[in-house]
Amino acid sequence: MYFTPPLARLIEEFQKFPGVGPKSAQRMAFFVLNMSEKDVHSMAQVLVEAKDKVKHCSQCFHLSANDPCEICTNERRDKGTICVVADSRDVIALEKTREYKGFYHVLNGLISPLEGRGPEQLRIRELLARTAGGALREVILAINPTIEGDATVLYISSLLKPLGIKTTRIAFGLPVGSDLEYADEVTLTRALEGRREV
Ligand code: ZN
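Let me sum up the structure you'll find in this document.

Calculation criteria
- Residues numbered from 1 in each chain as written.
- Predicted model: local features only at pLDDT ≥ 70, side-chain atom pairs only at ≥ 80, totals over all residues.
- Heavy atoms only, no water.
- Donors = N, O, S within 2.8 Å, 3.2 Å for Na, K, Ca; no water.
- Tetrahedral: all angles 85-135°; square planar, octahedral: opposite > 155°, others 65-115°.
- Helix = DSSP H or I, 4+ residues; strand = E, 2+ residues; numbered from the N terminus.
- Expected span 1.5 Å × (residues − 1).
- Buried < 20%, exposed > 50% of the residue type's maximum accessible area, 1.4 Å probe, protein only.
- Phe/Tyr/Trp six-rings, centres within 6.5 Å; stacked < 30°, edge-to-face > 60°.
- Pairing = 2+ DSSP bridges.
- Right-handed = clockwise from strand over helix to strand, strands pointing away.

### A few points about the coordination of the zinc ion
Looking at the zinc ion, the protein donor atoms are C57 (SG), C60 (SG), C69 (SG) and C72 (SG), and they sit 2.3 Å from it. Classification of the site at the zinc ion rests on its four donor atoms, whose angles at the metal span 105 to 116°, yielding the label tetrahedral. Spacing between the donor residues of the zinc ion along their common chain follows C-x2-C-x8-C-x2-C.

In C-alpha coordinates:
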(Lines give C-alpha, C1' and ligand atoms only; values in the text may rest on other atoms or scores of the structure.)
Protein backbone atom coordinates (compact mmCIF):
# COMPACT_ATOMS: atom_id res chain seq x y z
CA MET A 1 0.00 0.00 0.00
CA TYR A 2 1.37 3.39 -0.92
CA PHE A 3 0.87 6.56 1.09
CA THR A 4 2.50 9.85 0.28
CA PRO A 5 5.44 10.19 2.75
CA PRO A 6 3.96 12.74 5.23
CA LEU A 7 0.78 10.65 5.49
CA ALA A 8 2.78 7.44 5.88
CA ARG A 9 4.69 9.07 8.73
CA LEU A 10 1.49 10.20 10.44
CA ILE A 11 0.12 6.65 10.28
CA GLU A 12 3.41 5.35 11.67
CA GLU A 13 3.21 7.76 14.62
CA PHE A 14 -0.35 6.78 15.50
CA GLN A 15 0.66 3.14 15.45
CA LYS A 16 2.96 3.87 18.40
CA PHE A 17 -0.11 4.29 20.64
CA PRO A 18 -1.04 1.28 22.78
CA GLY A 19 -3.71 -0.88 21.18
CA VAL A 20 -3.63 0.96 17.87
CA GLY A 21 -3.03 -1.28 14.86
CA PRO A 22 -2.42 -0.27 11.24
CA LYS A 23 -6.11 0.03 10.39
CA SER A 24 -6.99 2.27 13.34
CA ALA A 25 -3.85 4.32 12.72
CA GLN A 26 -4.96 4.85 9.14
CA ARG A 27 -8.42 5.90 10.26
CA MET A 28 -6.94 8.39 12.76
CA ALA A 29 -4.57 9.83 10.15
CA PHE A 30 -7.39 10.38 7.66
CA PHE A 31 -9.46 11.95 10.42
CA VAL A 32 -6.65 14.42 11.15
CA LEU A 33 -6.39 15.33 7.46
CA ASN A 34 -10.11 16.13 7.46
CA MET A 35 -9.85 18.36 10.52
CA SER A 36 -9.58 22.13 10.14
CA GLU A 37 -6.07 23.57 10.18
CA LYS A 38 -6.93 25.41 13.39
CA ASP A 39 -8.03 22.25 15.18
CA VAL A 40 -4.93 20.35 14.09
CA HIS A 41 -2.66 23.12 15.36
CA SER A 42 -4.47 23.26 18.67
CA MET A 43 -4.27 19.45 19.04
CA ALA A 44 -0.53 19.50 18.34
CA GLN A 45 -0.11 22.29 20.89
CA VAL A 46 -2.05 20.35 23.54
CA LEU A 47 0.25 17.35 23.02
CA VAL A 48 3.42 19.41 23.42
CA GLU A 49 2.02 21.37 26.37
CA ALA A 50 0.93 18.24 28.25
CA LYS A 51 4.38 16.70 27.83
CA ASP A 52 6.00 19.96 28.84
CA LYS A 53 3.91 20.76 31.91
CA VAL A 54 2.88 17.43 33.42
CA LYS A 55 5.68 16.09 35.62
CA HIS A 56 6.00 13.72 38.54
CA CYS A 57 5.31 15.19 41.99
CA SER A 58 8.61 15.17 43.90
CA GLN A 59 6.90 13.72 47.01
CA CYS A 60 4.45 11.07 45.80
CA PHE A 61 5.48 10.81 42.09
CA HIS A 62 1.91 11.18 40.87
CA LEU A 63 1.60 13.04 37.56
CA SER A 64 0.84 16.71 38.12
CA ALA A 65 1.44 20.15 36.65
CA ASN A 66 2.15 21.34 40.22
CA ASP A 67 4.97 20.23 42.47
CA PRO A 68 4.07 19.14 45.12
CA CYS A 69 0.84 17.89 43.61
CA GLU A 70 -2.74 18.80 44.62
CA ILE A 71 -3.02 15.70 46.82
CA CYS A 72 0.27 16.21 48.68
CA THR A 73 -0.60 19.86 49.45
CA ASN A 74 -4.13 19.07 50.69
CA GLU A 75 -4.05 19.83 54.42
CA ARG A 76 -7.29 17.94 55.04
CA ARG A 77 -5.87 14.58 54.01
CA ASP A 78 -4.85 12.01 56.62
CA LYS A 79 -1.10 12.06 57.24
CA GLY A 80 -1.37 8.66 58.92
CA THR A 81 -1.75 6.61 55.74
CA ILE A 82 0.14 6.24 52.51
CA CYS A 83 -1.34 4.14 49.73
CA VAL A 84 1.32 2.62 47.48
CA VAL A 85 0.41 2.06 43.81
CA ALA A 86 2.31 0.99 40.70
CA ASP A 87 1.07 3.71 38.41
CA SER A 88 -0.47 7.20 38.37
CA ARG A 89 -3.62 5.73 36.76
CA ASP A 90 -4.21 3.76 39.95
CA VAL A 91 -4.30 7.04 41.93
CA ILE A 92 -7.06 8.29 39.63
CA ALA A 93 -8.99 5.02 40.07
CA LEU A 94 -8.74 5.19 43.88
CA GLU A 95 -9.61 8.89 44.00
CA LYS A 96 -12.82 8.13 42.10
CA THR A 97 -14.03 5.99 45.00
CA ARG A 98 -13.90 9.08 47.32
CA GLU A 99 -13.28 6.62 50.16
CA TYR A 100 -9.57 7.00 50.62
CA LYS A 101 -8.43 10.17 52.43
CA GLY A 102 -4.72 9.57 52.93
CA PHE A 103 -1.71 10.20 50.73
CA TYR A 104 -0.24 8.19 47.86
CA HIS A 105 3.09 6.93 46.67
CA VAL A 106 3.52 5.97 43.01
CA LEU A 107 6.24 3.35 42.46
CA ASN A 108 6.38 3.82 38.71
CA GLY A 109 6.21 0.10 37.93
CA LEU A 110 6.56 -3.22 39.72
CA ILE A 111 9.50 -5.52 40.35
CA SER A 112 9.92 -7.65 37.24
CA PRO A 113 13.06 -9.76 36.80
CA LEU A 114 11.84 -10.74 33.31
CA GLU A 115 11.76 -7.13 32.21
CA GLY A 116 14.96 -6.39 34.11
CA ARG A 117 13.24 -4.09 36.61
CA GLY A 118 14.57 -4.37 40.14
CA PRO A 119 13.55 -2.54 43.33
CA GLU A 120 16.22 0.12 42.76
CA GLN A 121 14.39 1.26 39.62
CA LEU A 122 11.19 1.88 41.58
CA ARG A 123 10.54 4.72 44.03
CA ILE A 124 11.04 2.46 47.05
CA ARG A 125 13.90 4.39 48.62
CA GLU A 126 11.72 7.51 48.47
CA LEU A 127 8.86 5.60 50.12
CA LEU A 128 11.11 4.60 53.03
CA ALA A 129 12.20 8.22 53.43
CA ARG A 130 8.53 9.20 53.80
CA THR A 131 8.00 6.78 56.69
CA ALA A 132 10.25 8.87 58.95
CA GLY A 133 8.70 11.49 61.23
CA GLY A 134 6.32 9.35 63.25
CA ALA A 135 2.98 10.50 61.78
CA LEU A 136 2.56 7.41 59.62
CA ARG A 137 0.36 4.60 60.99
CA GLU A 138 -0.28 2.44 57.96
CA VAL A 139 1.01 1.75 54.48
CA ILE A 140 -1.68 0.31 52.19
CA LEU A 141 -0.35 -1.61 49.21
CA ALA A 142 -2.90 -1.23 46.40
CA ILE A 143 -1.05 -3.49 44.05
CA ASN A 144 -2.47 -5.89 41.49
CA PRO A 145 -2.48 -9.63 42.27
CA THR A 146 0.07 -10.63 39.63
CA ILE A 147 3.47 -12.32 39.95
CA GLU A 148 5.16 -8.92 39.73
CA GLY A 149 2.64 -7.43 42.16
CA ASP A 150 3.22 -10.21 44.70
CA ALA A 151 7.01 -9.86 44.43
CA THR A 152 6.74 -6.11 44.97
CA VAL A 153 4.42 -6.50 47.98
CA LEU A 154 6.77 -9.06 49.55
CA TYR A 155 9.77 -6.81 49.05
CA ILE A 156 8.16 -3.64 50.41
CA SER A 157 6.57 -5.37 53.41
CA SER A 158 9.94 -6.91 54.34
CA LEU A 159 11.36 -3.38 54.53
CA LEU A 160 8.43 -1.82 56.40
CA LYS A 161 7.86 -4.51 59.03
CA PRO A 162 11.17 -3.96 60.86
CA LEU A 163 10.21 -0.27 61.09
CA GLY A 164 7.05 -1.22 63.00
CA ILE A 165 4.71 0.26 60.38
CA LYS A 166 1.44 -1.57 59.81
CA THR A 167 1.46 -2.83 56.24
CA THR A 168 -1.74 -3.96 54.55
CA ARG A 169 -2.70 -5.03 51.06
CA ILE A 170 -6.08 -4.37 49.49
CA ALA A 171 -8.26 -7.46 49.12
CA PHE A 172 -9.12 -8.18 45.54
CA GLY A 173 -12.44 -9.91 45.11
CA LEU A 174 -11.37 -9.99 41.51
CA PRO A 175 -9.93 -12.82 39.47
CA VAL A 176 -6.15 -13.13 39.64
CA GLY A 177 -4.45 -11.00 37.02
CA SER A 178 -7.24 -8.42 36.88
CA ASP A 179 -6.32 -4.79 36.82
CA LEU A 180 -6.91 -2.24 39.55
CA GLU A 181 -7.19 0.45 36.92
CA TYR A 182 -10.25 -1.21 35.39
CA ALA A 183 -12.04 -2.08 38.62
CA ASP A 184 -15.24 -0.14 39.24
CA GLU A 185 -15.63 2.16 42.25
CA VAL A 186 -17.73 -0.25 44.31
CA THR A 187 -15.23 -3.10 43.83
CA LEU A 188 -12.32 -0.83 44.70
CA THR A 189 -14.06 0.53 47.80
CA ARG A 190 -14.67 -3.04 48.99
CA ALA A 191 -11.07 -3.96 48.21
CA LEU A 192 -9.89 -1.03 50.34
CA GLU A 193 -12.21 -1.85 53.23
CA GLY A 194 -11.23 -5.51 53.15
CA ARG A 195 -7.49 -4.87 53.24
CA ARG A 196 -5.43 -7.35 55.21
CA GLU A 197 -2.14 -7.14 57.02
CA VAL A 198 0.78 -8.65 55.09
ZN1 ZN B 1 2.22 14.40 45.33
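### As for helix α3 (residues 37-53)
Its 17 residues give α3 an end-to-end C-alpha distance of 24 Å, which sits within 8% of 24 Å, the value for a rise of 1.5 Å per residue. Among the 17 residues of α3, zero are classified as buried, and the element is accordingly described as predominantly exposed.

### Here we look at the packing of aromatic side chains
By the definition in use, this model includes three aromatic pairs. Ring centres 6.3 Å apart and planes at 65° place the aromatic pair F3 and F30 in the edge-to-face group. One end of the pair, F3, is in the segment before α1 (5-14); the other, F30, is in helix α2 (residues 22-34), with 27 residues separating them in the sequence. Overall, the relative accessible area of 38% leaves F30 in the partly exposed class.

### Some words on the pairing of strand β5 (residues 138-141)
Side-chain alternation along β5 places E138 and I140 on one buried face and V139 and L141 on a second face that is also buried. As defined by bridge partners, strand β3 (residues 78-85) adjoins β5 across four bridges and the pair is classed as parallel. What sits directly across from V84, in β5, is L141. Direction of pairing for β5 relative to strand β6 (residues 166-169): parallel, over a ladder of four bridges. Paired with E138 across the bridge in β6 is K166. Since β5 and β6 lie parallel, the crossover through helix α6 (residues 147-160) that links them has a hand, and here it is right-handed.

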